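If you want the building blocks of each chain, they are given just below.
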Amino acid sequence: MPRTRTVSIVATLRSTRAVTRAVTRAVTRAVTLAATFALAGAAAAQNPRTARDTTPVMTSSPLPTGRVTYRTLVETNLEMEQLAARYPDRVRRFALPHRTVAGQVVWALEITRGVAEPDGKPVFVMTGLHHAREWPTVDLTMEFVHDILMNDGQDPRITRLMDEVRFIAVPVVNPDGYELSRTLLNEQKRKSCRVEPGRDATLAECANPRYRNAGVDLNRNYGAFWGGIGANIGAGEGSFRGAAPFSEPEIRNMRDLFNAHQVVVALSNHTPDAKVLRAPSSPDEPTPADVEAYDALGQLLGGDLRWDAGPWTRIYYAASGTMEEYAYYSAGTFAYTFENTPGQRSFHPAYAFVVDQYFGTGAYPGSSARAGFLRLYEAAADATKHAVLEIQAPAGATLTLSKSFTLESAQVLRADSSRAGIVAMPLTLTSTTMVPAGADRVTWHVNPSLRPSQHAQEFLQESWTVTCTRAGATAGATQRATVMVARGKRAAVDLRACR
Ligand SMILES: [Zn+2]
């Protein structure tokens, strides 16, 4: 009963009066600030107010849900459950495999038409809240989920994408940190609840002022180039990389999600620095082998947001162990970061700024996260940006696409700035689909088998292995093929003998 468990922890945390007062204060503050924006409108006029209180209250917003305040963790998790119940043909909720350091479940939503049916659609992954205080990233992600579900069948562009792409949203990668920040127990918390390397913790322990600066920076814990320039070595520092690559369950969740799907496009939402970022994020990386196509999409996103777009190393700061690095160097995924809701001197400004950021209105004229999200969603559907396998195999057969290789960390920095060796991480990517009943082939949208080198601007000449197995058949009824395929190319795979 994971949800019951979460609720009871939250109830414990919220049991002090001080917390209740702090929450009330913050909500009041947010609503007051939000009211400086022209969001009250006619809706507010319908609410009778006392003669003395002339402050307009934001009672609804143009967001798909009409929300006017940041979601809590409990609300977000409940909303995901409700979405799956309301739209069973298009939404599947699932738990990522690892519980957080404080024992919480991390939920994801998988969204496409016929979500329960296996298919060969390309996958677009969007995440929110690696960093605890970056609240807008939860709401931007959740509102986009509502947006595409509500506009499916109304807007032809969204209707087509609902048909052609499998969208996976992980609105809260770091629920422990979010709970601490969103309840204001530690409002400016950035990291996870790993209070001490190597041991789990309760949320109450994480809230202890003693551990105020503890935790791992989850966007420094991914394996590719982990431990290089652009992360802290000390556990109390702001960008602590963690004890080892993928030491944190929250990031093993993301690793396993990427490894089990053909994620062709990915977005990690952050705040508040007005950038569209791509790899390289650390100076240990080469120029990406795909730099032309990868950057071109980044520049279009920069246009949608009216922000600078480019590699972290050129337009931002160095960061090692980021989501982009893992997604790109493990599978060639075109992965980006958005730095949302800039210019408000806060990681979570008044909610009106979230509304403006979503639509590119008000404080952010022409800078629309929605436009960027839709561009990425559309990029996932564009076969020239990934690879396609045309597989002939008998109806009902299970098809598995796999490859194994070794991913490398950076030469790990020591506290005295010298470098230790590289951590080599054996890795297997495995995704599956099925040949539908009555069909004799599957079109599978996949990442290129050629993998970008971590050492030079070139591709590694790797292949996918495609395995066909028949349910209930004898062990001999398996057939394998290897296929090498580059970005933008199609390859035919003949597995008709799998019977
Ligand atoms: Zn961040």
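No experiment lies behind these values; they were computed from the predicted model shown. (Residues numbered from 1 in each chain as written. Predicted model: local features only at pLDDT ≥ 70, side-chain atom pairs only at ≥ 80, totals over all residues.)

J.: How do you make sense of the overall build of the protein chain when you look at a structure like this?
T.: Across its full length, the protein chain carries 14 helices and 17 strands. Sequence separation of 24 or more characterises 73% of the internal contacts of the protein chain that already satisfy a separation of 6 or more. (Helix = DSSP H or I, 4+ residues; strand = E, 2+ residues; numbered from the N terminus. Contact = placed C-beta atoms within 7 Å.)

J.: Teacher, can you tell me more about the nonpolar core here?
T.: Note that soluble globular proteins tend to have their nonpolar side chains buried in a common cluster. Counting residues in hydrophobic clusters, the biggest one holds 102 residues, and the most contacted among them are F124 and A327. When residues of this core are assigned to domains, at least three fall in each of domain 1 (2-15 + 62-385) and domain 2 (387-494). Ignoring any residue separated from it by four or fewer positions in sequence, one finds F124 in contact with V165, F167, V265, L376, Y377 and A380. (Core = buried A, V, L, I, M, F, W, Y, C linked by C-beta atoms within 7 Å. Buried ≥ 20, exposed ≤ 12 C-beta atoms within 10 Å, placed from the backbone. Domains from an automatic or database assignment.)

J.: Please clarify how the sheet that holds strand β7 (residues 308-311) should be interpreted in this entry.
T.: The strands that make up a sheet pair up through hydrogen bonds in the backbone, lying either parallel or antiparallel. Spatially, eight strands are ordered β1-β2-β4-β3-β5-β8-β6-β7 in an open sheet, and the strand pairing comes out mixed. Because the sheet does not close on itself, it has two edges, and the strands there are β1 (91-95) and β7. Sheet twist, expressed as the mean angle between neighbouring strand axes with direction ignored, is 20 degrees. (Pairing = 2+ DSSP bridges. Axes fitted to C-alpha atoms, helices over the stretch in contact; angles between N-to-C directions.)

J.: Please clarify how unusual backbone geometry should be interpreted in this entry.
T.: What is expected of a backbone is that most residues other than glycine have negative phi and most peptide bonds are trans. Look at the link from T271 to P272: it is a cis peptide, with omega at 0 degrees. Tracing the backbone through its elements, the reader meets P272 in the loop between β5 (263-270) and β6 (275-278). For the peptide bond that leads from A279 to P280, omega is 0 degrees, which places it in the cis range. Mapped onto the elements, P280 comes out in the loop between β6 and α10 (291-305). Not every positive phi belongs to a glycine, and F225 is a case in point at roughly 65 degrees. On the secondary structure map, F225 appears in the loop between α8 (203-207) and α9 (249-259). Taking the C-beta count within 10 Å as the criterion, F225 has 31 such neighbours and is therefore assigned buried.

J.: In this structure, what is going on with the packing of α9 against helix α12 (residues 323-331)? I would like to understand it.
T.: Angle between the axes and distance between the axes: these two values describe a pair of packed helices. Contact geometry of α9 with α12 gives a least axis separation of 11 Å together with a crossing angle of 30 degrees. Between α9 and α12, the angle is such that the two are roughly parallel. Crossing of α9 against α12: the hand is right-handed. Each of M254, R255 and F258 in α9 lies in contact with α12, whose residues at this interface are M323, Y326, A327, S330 and A331. Here the contact of α9 with α12 is composed, by residue class, of six nonpolar, one polar and one charged. (Parallel < 35°, antiparallel > 145°, perpendicular 65-115°, else oblique. Left-handed = near helix turned anticlockwise from the far one by under 90°. Nonpolar A, V, L, I, M, F, W, Y, C, P; charged D, E, K, R; others polar.)

J.: Please explain the sheet that holds strand β17 (residues 490-494) as it appears in this structure.
T.: Strands sit in the order β12-β9-β17 across an open sheet of three strands; the sheet is mixed. Across the chains shown, the open sheet's two edge strands, defined by having one partner strand only, are β12 (441-446) and β17. Geometrically, the sheet is characterised by an average inter-axis angle of 20 degrees between neighbouring strands, direction not taken into account. Strand direction decides the pairing type here: strand β9 (residues 387-392) and β12, joined by six bridges, are antiparallel. Counterpart to E390 in the pairing with β12 is T443.

J.: Quick question: what am I supposed to make of the environment of G421 here?
T.: Relative to the helices and strands, G421 is located in strand β11 (residues 419-434). For G421, the residues in contact, after removing those within four places along its chain, are Q411 and V412.

J.: I would appreciate a short explanation of the environment of A243 in the present structure.
T.: If you trace the backbone, A243 turns up in the loop between α8 and α9. Accessibility expressed as a C-beta count within 10 Å gives 14 for A243, which makes it partly exposed. With residues up to four places along the chain from it excluded, the contact list for A243 reads P197 and G198.

J.: How should I be thinking about the packing of α10 against helix α14 (residues 369-381) in this particular structure?
T.: One way to put it is that α10 packs onto α14 with a least axis distance of 8 Å and a crossing angle of 155 degrees. In terms of their interaxial angle, α10 and α14 are classed as roughly antiparallel. For the element pair α10 and α14, the recorded crossing hand is right-handed. On the side of α10, the interface is formed by L297, L300, L301, D304 and L305, while α14 contributes A371, G372, R375 and A379. Looking at side-chain class alone, the contact of α10 with α14 contains six nonpolar, one polar and two charged residues.

J.: Explain α9 here, please?
T.: Every α-helix winds through 3.6 residues per turn, so residues three or four apart in the chain are directed the same way. Counting buried residues along α9, eight of its eleven residues qualify, which places the element largely inside the surrounding structure. Those residues of α9 that are buried are in contact with β3 (123-127), β5 and α12.

J.: Explanation requested: the pairing of β11 in the structure shown.
T.: A regular strand places its side chains so that they alternate between the two faces of the sheet. When strand β10 (residues 398-413) meets β11, the two strands line up antiparallel, connected through 13 bridges. The residue of β11 that forms the bridge with L399 is T433. Counting the residues that bridge the hairpin from β10 to β11 gives five residues, and of these S417 lies at a positive phi of roughly 75 degrees.

J.: When you look at the pairing of β7 in this model, what are you seeing that I'm missing?
T.: Here β6 runs beside β7; their pairing, made up of four bridges, is parallel. Each residue of the ladder has a partner; that of V276, found in β7, is A309. Of the crossover connections in this fold, the one passing from β6 over α10 to the parallel β7 is right-handed. (Right-handed = clockwise from strand over helix to strand, strands pointing away.)

None of the figures reported here should be taken as evidence of function without further support.
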